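Structural overview
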Amino acid sequence: MQLSQSIAPHLPLLRRFARALSGSQTAGDAYVAATLQVLAEDSSLFDDSLGSRVALYRTFVSMWNSVGLNLKTEVFDRGDTPVDRHLEQITPLARQAFVLCSVEGFSADEAAEILNTTTSNVQALLDDAGREIAAQVATDVLIIEDEPMIAMDLESIVEGLGHRVAGVARTHAEAVDAASNHKPGLVLADIQLADGSSGLDAVNEILGSFEVPVIFITAYPDRLLTGERPEPAFLITKPYQPDTVKAIVSQALFFEQHAKRKA
């Protein structure tokens, strides 16, 4: 297969990636065009043993990190969305790792190939990005969880990211009451609660009062596959890994709006 045919399906996604890094449509597209020019001049830079998409992103990142303008996006038309502004404030390598994994959907192993580093270093970069994002969007977190040890673990994770725990609720009634009193900026919710009540029902009632991003952390993910609100945009299956919780918390706060009181 010719190189042009191999990379063509991935160009729209590469443009998205470039715009996210630069914070600018103009700058992002210019870097993609420059990458294609480099490949046209020297196709040996494209390591197809990695797979066409990973190889394309690896070539782009190599070029991106070799020039200085990527740190000076003010020379281009700047993006003006909140996500653009947050991304610009994250240090360069952490930003690249975060966007590769959280936006582009690459695994940590694939991101390591793209960034020409180790998987463990990618994990460290993601942790850095999580802390930097938390510093920008630190918020109050409501934990709806009836298992004390799990609740304590989740408290430790979110506080380690720089957030505040607004409360821990073990039942539907406690959850709704805590949400009403504290208006959290993020909710971590289990499904099956202590008194047999439903965390899903509690979340539905909370969302009836104000908008807030919700991350479901549950051993019963099938209960969320109903096609009804709330859709599980952010879902973690128990038993979970702390790094997974960190990444999803950062992603939810990065791309979702803060809680807003309904009119």
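Anything mentioned here points back to the structure above.
Notes on the structure in this doc start here. (Residues numbered from 1 in each chain as written. Predicted model: local features only at pLDDT ≥ 70, side-chain atom pairs only at ≥ 80, totals over all residues. Heavy atoms only, no water.)

This part covers the overall build of the protein. Scanning the protein from terminus to terminus reveals 12 helices and 7 strands. Every one of the 263 residues in the protein was classed for burial, and the buried ones make up 45%. Here the analysis covers contacts within the protein between residues at least 6 apart in sequence; of these, 69% occur between residues at least 24 apart. (Helix = DSSP H or I, 4+ residues; strand = E, 2+ residues; numbered from the N terminus. Buried < 20%, exposed > 50% of the residue type's maximum accessible area, 1.4 Å probe, protein only. Contact = heavy atoms within 4.5 Å.)

Burial runs high along strand β1 (residues 140-144): 4 of the 5 residues are buried. As paired strands, β1 and strand β2 (residues 164-169) are joined by 5 bridges and run parallel to one another. Its bridge partner being in β2, Val141 is matched across the sheet by Val165. After leaving β1, the chain enters helix α9 (residues 148-160) and then returns to the sheet as β2, a path that is right-handed. Taken together, the 4 bridges between β1 and strand β3 (residues 186-189) define a ladder with parallel strand orientation. For Leu142, the partnering residue across the bridge sits in β3 and is Val187. (Pairing = 2+ DSSP bridges. Right-handed = clockwise from strand over helix to strand, strands pointing away.)

Right, let's get into the nonpolar core. Formed by 56 residues in total, the largest nonpolar core has its most connected members in Phe17, Phe60, Leu188 and Ile215. With 8 residues, helix α4 (residues 52-64) is the single largest residue contributor to this core. What Ile215 contacts, discounting residues up to four positions off in sequence, is Leu186, Val187, Leu188, Ala189, Phe234, Ile236, Ile248, Val249 and Ala252. One finds Ile144, Ala169, Val203 and Val214 within the second-largest nonpolar core, a separate group that totals 21 residues. (Core = buried A, V, L, I, M, F, W, Y, C linked by side-chain atoms within 4.5 Å.)

Here Tyr57 is to be found in helix α4. Residue classification places Tyr57 among the buried residues on the basis of a relative accessible area of 0%. Separated by 22 residues in the primary sequence, Tyr57 and Thr35 have C-alpha atoms spaced 9.5 Å apart. The residues touching Tyr57, leaving out its near neighbours within four places in the chain, are Leu13, Leu14, Phe17, Leu100, Glu104, Phe106 and Ile114. Among the polar contacts listed, one links the side chain of Tyr57 to the backbone nitrogen of Leu14, at a separation of 3.3 Å. (Polar contact = N/O pair within 3.5 Å; in protein donor to acceptor, adjacent residues only side chain to side chain.)

Bringing helix α7 (residues 108-115) into the picture now. Buried within α7 are the following residues: Ala108, Ala111, Ala112, Ile114 and Leu115. Angular distribution of buried residues about the axis of α7 spans 160°; they occupy a single face of the element. Looking at the packing, one finds that the buried side of α7 touches α4, α6 (92-103) and α8 (119-137). Count one or two residues on from α7 and you reach Asn116, which has phi positive near 55°. (Arc of directions from axis to C-beta.)

In sheet architecture, strand pairing relies on hydrogen bonds along the backbone and comes in two forms, parallel and antiparallel. Overall, parallel pairing links the 5 strands, which are arranged β2-β1-β3-β5-β6 in an open sheet. This sheet does not close on itself; its edge strands, each paired only once, are β2 and β6 (235-237). When the angles between neighbouring strand axes are averaged without regard to direction, this sheet yields 15°. Direction of pairing for β3 relative to strand β5 (residues 214-218): parallel, over a ladder of 3 bridges. Opposite Ala189, over in β5, you have Phe216 as the bridge partner. Contacting β1, β3 and β5, helix α11 (residues 199-207) runs over the sheet at an angle of about 175° to β5. (Axes fitted to C-alpha atoms, helices over the stretch in contact; angles between N-to-C directions.)

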